[in-house]
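Reading the structure
If you want the building blocks of each chain, they are given just below.
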Amino acid sequence: MNDYDFPNSPMFTSVEDAIAHFVETPTCIGAYLLDGGLKLIAPYGTDDLINMRCQPIPLFRKDEAHLKIYRNRILKKQWQRKWPRLTIDWH
C-alpha cells in the first residue's frame, strides 16, 4: 500500500489505465516498443510536460483528500528547485 491508496478503488485494467492514475499530468507518460516502433502512452497529452506545467489529474481534483496528496507530493519532490521555470497549479 502506498500513501495514496483509497479503499474500494477498482484495480487497474492495464498499464495505460495505471499510468492514467499517476497523480500529476506531466508524470502520466509512458513509452514502449511495439513492432519496431515506439508506442507513447499519454492519457492527458504531452502539453503539460512540454510546457513545464504541473497540475493534478482530474481524479486528484475531486476532493480535499486527493488535493492534499497532490500538494504533499509537489512539496516533497521539490521540482521547482530543479526546474525553476516549472509552473505548478496548487488547486
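In this report, the structure presented in the accompanying data block is examined. Note that the structure is predicted; figures quoted are calculated from it, not measured.

Counting its secondary structure elements, the protein contains four helices and four strands. The buried share of the protein, taken over its 91 residues, is 27%. Put simply, of all contacts in the protein between residues at least 6 apart along the chain, 47% involve residues at least 24 apart. Accessible area of the protein: about 6,600 Å², with a carbon and sulfur share of 57%. Distance between charge centroids for the protein: 8 Å, based on 12 positive and 11 negative side chains.

Time to look at the pairing of strand β1 (residues 30-34). In the sheet, β1 pairs with strand β2 (residues 37-41) via five bridges, with the strands oriented antiparallel. Considered in β2, the bridge of Tyr-32 is made with Lys-39. In textbook terms, the turn of a hairpin is the stretch between consecutive antiparallel strands, and for β1 and β2 this stretch comprises two residues, one of which, Asp-35, has a positive phi near 50°.

Right, let's get into the side chain of Arg-73. When you line up the elements, Arg-73 lands in helix α3 (residues 64-77). Residue classification places Arg-73 among the buried positions, given a relative accessible area of 18%. Among the polar contacts listed, one links the side chain of Arg-73 to the side chain of Glu-24, at a separation of 2.6 Å.

Here we come to unusual backbone geometry. Glycine aside, the phi torsion of most residues is negative, and most peptide linkages are trans. Non-glycine residue Asp-35 carries a positive phi angle of around 50°. With a relative accessible area of 79%, Asp-35 lands in the exposed category.

With that out of the way, let us pick up α3. The α-helix advances 3.6 residues per turn, and as a result positions three or four apart in sequence lie on the same side. Here α3 is 14 residues long and its end C-alpha atoms lie 20 Å apart, about the 20 Å a rise of 1.5 Å per residue gives. Along α3, the residues classified as buried are His-66, Leu-67, Ile-69, Tyr-70, Arg-73 and Ile-74. One side of α3 holds all its buried residues, which, seen down the axis, span an arc of 155°. More than 90 degrees from the buried face of α3, the exposed residues found are Glu-64, Lys-68, Leu-75 and Lys-76. Those residues of α3 hidden inside the fold are in contact with β3 (53-54), α4 (79-82) and β4 (87-88). If you check the start of α3, you find a side-chain oxygen 3.2 Å away from the backbone N of Ala-65, and it comes from Asp-63.

Thresholds applied
Residues numbered from 1 in each chain as written. Predicted model: local features only at pLDDT ≥ 70, side-chain atom pairs only at ≥ 80, totals over all residues. Heavy atoms only, no water. Helix = DSSP H or I, 4+ residues; strand = E, 2+ residues; numbered from the N terminus. Buried < 20%, exposed > 50% of the residue type's maximum accessible area, 1.4 Å probe, protein only. Contact = heavy atoms within 4.5 Å. Areas by Shrake-Rupley, 256 points an atom, 1.4 Å probe, with all protein chains shown as cover. Lys, Arg positive; Asp, Glu negative; His and termini not counted. Charge placed at Lys NZ, Arg CZ, Asp CG, Glu CD. Pairing = 2+ DSSP bridges. Polar contact = N/O pair within 3.5 Å; in protein donor to acceptor, adjacent residues only side chain to side chain. Expected span 1.5 Å × (residues − 1). Arc of directions from axis to C-beta.

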